Amino acid sequence: MTTIPVLSPLSLWTTVRSISAFNVACSFAALWAFVKFSRALRWRLKTTQLRGPPRTSFIYGVSQDLMSSNDTGGMYEHWATEYGVAYTIPSVLGKSRIVLCDPRAIAHFLARDTWTYAQTPLFTALMETSFGKGVLWSESETHRRQRKALTPAFSNAAIRKLTSVFYDSAYKAKAAWDTVIELSKDGDAVIEVQNWMNHVSLDTVGIAGFSHDFGSLNGKHASVTEVFDSFGSNPKASAVNQLFFLVALAFPIITKIPTKRSKLFKKLGVTMGEISNDLLIRSRREKDVNMSGRDEEKSIIGLLIKSESQDAELHMSEEEVLAQMKVLLLAGYETTSISLTWALIELSRHPDVQTSLREELLAFGPDPTYDQLKANLPYLDAVVHEVLRLHPPLGEFTRLATADDVIPLSELVRTESGETTDSISIAKGTSITISAAAINRSSAIWGPDAKEFKPDRWLTEDGITAKAEEVQGHKHLLTFIDGPRACLGKDFAITEFKAVLSVLVKSFVFEMQDGPDTEVEIARGILPRPGLLERMVLGYL
């Protein structure tokens, strides 16, 4: 006789519950797959299918090739030559990006930045973790409000008053270098140029922006520099970080995983938050003692304090105020120091240019005023902008379309099907990349000598090609981007760049330690920059 087991009510309930949970999981998986398929189908139907380079990695597309290259701009330019001014590159896990190398298309795109085109989820996640919800993080109306609140601090009148601060930092570096040379036996000294430019930039932004002297030029330890410099300092770790970053392009959520890199970003955010908070508290206490009401409202820290008021027209929360301070510290430390380092490297590579610049500065005489730096030193201006053209600190940027769009082109491109078109359709969710380095150094835009360091191009009537003049941006460059996200501190950065460079070139002769043909390695920090150990020989005339 066969015995049929009878399930107890508890066992029956457990079984039913397990089956139900399985069914729910399957339903969610099916729904996720359906949504993904629908989006992919919509994207394919709504987006012009362009040609582009083949996938070199099943997982990473061409993204790993780009990250490991020292000349990503050259890669983008090569593909533009082969596939046209708009093309598609394969990205991570089957995704793709559209790359624009056409001035008309780029102008259309940048005019709609923060509205039709927004920061990528990965960029937003990293910005929020390290720098908070500031002007780099925000979009649309929030971005407009934050930017408008900061704009008066970067007016011509405000920067004119800060020019003396730029000179003070330059002369502190000069005094330190004088001491080093005096202690040397042969009248020369070897310096680690990137380290020194970091100190100059940090002390400058501290005093000019927040009335605080970090004292790094005087040898004082600044915790923020330690965190900044730890990015990219370990080449072996950088390879792992690259792979982690590539996967994060598809799954931004993994930035929450406590890796060495993510811990660095978190530490950077905490360190900068502590510094910014201390500066903010001190400035609130001293605002009535150290500056008049009118000047205070036009300084960066003064405007930030003013914006905290609940009845302020452009009110910002304390979280937003601290985020702006972190962003300004980042911009002041990273971008200007990178540009100054590249300037000294290029002048060492081209001693004839260095001599011509020095002759102009010595002939001019005393330190130029703000207005004279802008208008009375054409060769200095040419050298500065040639450095900014060849070495933009931010080499490329990517946005995500938040709505469907049609982007016009100045020349025809061939699609995947072989047809030609003078515009491309963009579906919501499409990633679009623009390489500032590729546009700034494009032979098709700047002529056959585009890769050469040639300041004279800015001084001759036909030095800037007609195609280059189509690029909308400061001096036809994408170094400072353009549109709603155009660099707010552009004039601040250029004036500091010119003031510091003028003092150093008048005072010293620069040479590469291993000769003018020394290959410069690129360090992968927060932004790519010349290697921290790039050594330069320093001497008097």
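Here goes a summary of the coordinates provided.

**Some remarks on the packing of helix 7 (residues 156-183) against helix 20 (residues 490-507)**
Direction vectors running N to C along helix 7 and helix 20 enclose 35 degrees, while the axes themselves pass 8 Å from each other. Judged by the sense of rotation from one axis to the other, the crossing of helix 7 with helix 20 is right-handed. For the pair helix 7 and helix 20, the contacting residues are Asn156, Ile159, Leu162, Thr163, Phe166, Tyr167, Ala170, Tyr171, Lys174 and Trp177 in the first and Asp491, Phe492, Thr495, Glu496, Ala499, Val500, Ser502, Val503, Leu504 and Ser507 in the second.

**Side note on the side chain of threonine 163**
Within the fold, threonine 163 resides in helix 7. For threonine 163, a relative accessible area of 4% corresponds to the buried category. Once residues lying within four places of it in the same chain are set aside, the contact partners of threonine 163 are Tyr370, Leu373 and Thr495.

**Observations regarding the pairing of strand 6 (residues 405-414)**
With six bridges connecting them, strand 6 and strand 7 (residues 420-426) associate as antiparallel partners. Residue pairing for strand 7: proline 408 is matched across the bridge by serine 423.

**Examining the environment of valine 62**
Residue placement: valine 62 occurs in the loop between helix 1 (9-46) and helix 2 (63-68). Residues valine 62 and serine 91, 29 residues apart in the sequence, show an inter-C-alpha distance of 6.1 Å. Beyond its immediate chain neighbours, meaning those up to four positions away, valine 62 contacts Pro54, Thr56, Trp79, Ile89 and Pro90.

**Some points on the pairing of strand 5 (residues 396-401)**
In this sheet, strand 5 lies alongside strand 3 (residues 117-119) in antiparallel orientation, the contact comprising three bridges. When the sheet's bridge partners are listed, alanine 118 is paired in strand 5 with leucine 400. In terms of strand pairing, strand 5 meets strand 8 (residues 431-435) through five bridges, oriented antiparallel. Looking across to strand 8, one finds that glutamate 396 is bridged to serine 435.

**Observations concerning the pattern of salt bridges**
Pairs may arise between side chains of opposite charge once their charged atoms sit close together. Inspection of the entire model under this criterion finds 24 salt bridges. In this structure, glutamate 139 and arginine 485 form a salt bridge, with 3.1 Å as the shortest nitrogen-oxygen distance. Here arginine 485 lies in the loop between helix 19 (443-446) and helix 20 and glutamate 139 lies in the loop between helix 5 (121-130) and helix 6 (140-150), a separation of 346 residues in the sequence. Arginine 485 matches glutamate 139 in its accessibility class, with the two residues each being buried. Measuring nitrogen to oxygen at the nearest pair gives 2.9 Å for the salt bridge that ties aspartate 178 to lysine 174. Taken together, the positions of aspartate 178 and lysine 174, both in helix 7 and four residues apart, correspond to about one turn of that helix. Residue classification places aspartate 178 among the buried residues on the basis of a relative accessible area of 14%. Given the relative accessible area of 21%, lysine 174 is considered partly exposed. Members of the salt-bridge network, linked through shared partners, are Glu386, Arg389, Asp449, Lys454 and Arg457.

About the thresholds
- Every chain's residues receive numbers from 1 upward, in the order its sequence appears when written.
- The model is predicted, so local features are restricted to residues of pLDDT at least 70 and side-chain atom pairs to those at 80 or more, both for listing and for counting; the totals for chains, interfaces and linings are taken over all residues.
- Calculation of side-chain values draws on the structure's entire complement of heavy atoms; hydrogens and water are dropped beforehand.
- Every angle, taken between N-to-C directions, lies between 0 and 180 degrees, and every axis is a line fitted to C-alpha atoms, over only the stretch in contact when it is a helix.
- Put simply, DSSP H or I for four residues or longer makes a helix, DSSP E for two residues or longer makes a strand, and each gets a number counted from the N terminus.
- In this scheme the handedness of a crossing depends on how the near helix is turned from the far one: anticlockwise by less than a right angle means left-handed, clockwise means right-handed.
- Should any heavy atoms of two residues lie within 4.5 Å, those residues are considered in contact.
- Think of it in three bands: residues with accessible area under 20% of the maximum for their type are buried, residues over 50% are exposed, and the middle band is partly exposed, with areas taken using a 1.4 Å probe on protein chains only.
- Two strands form a pair only when DSSP identifies at least two bridges running between them.
- We count a salt bridge whenever a side-chain nitrogen from Lys or Arg sits within 4 Å of a carboxyl oxygen from Asp or Glu.

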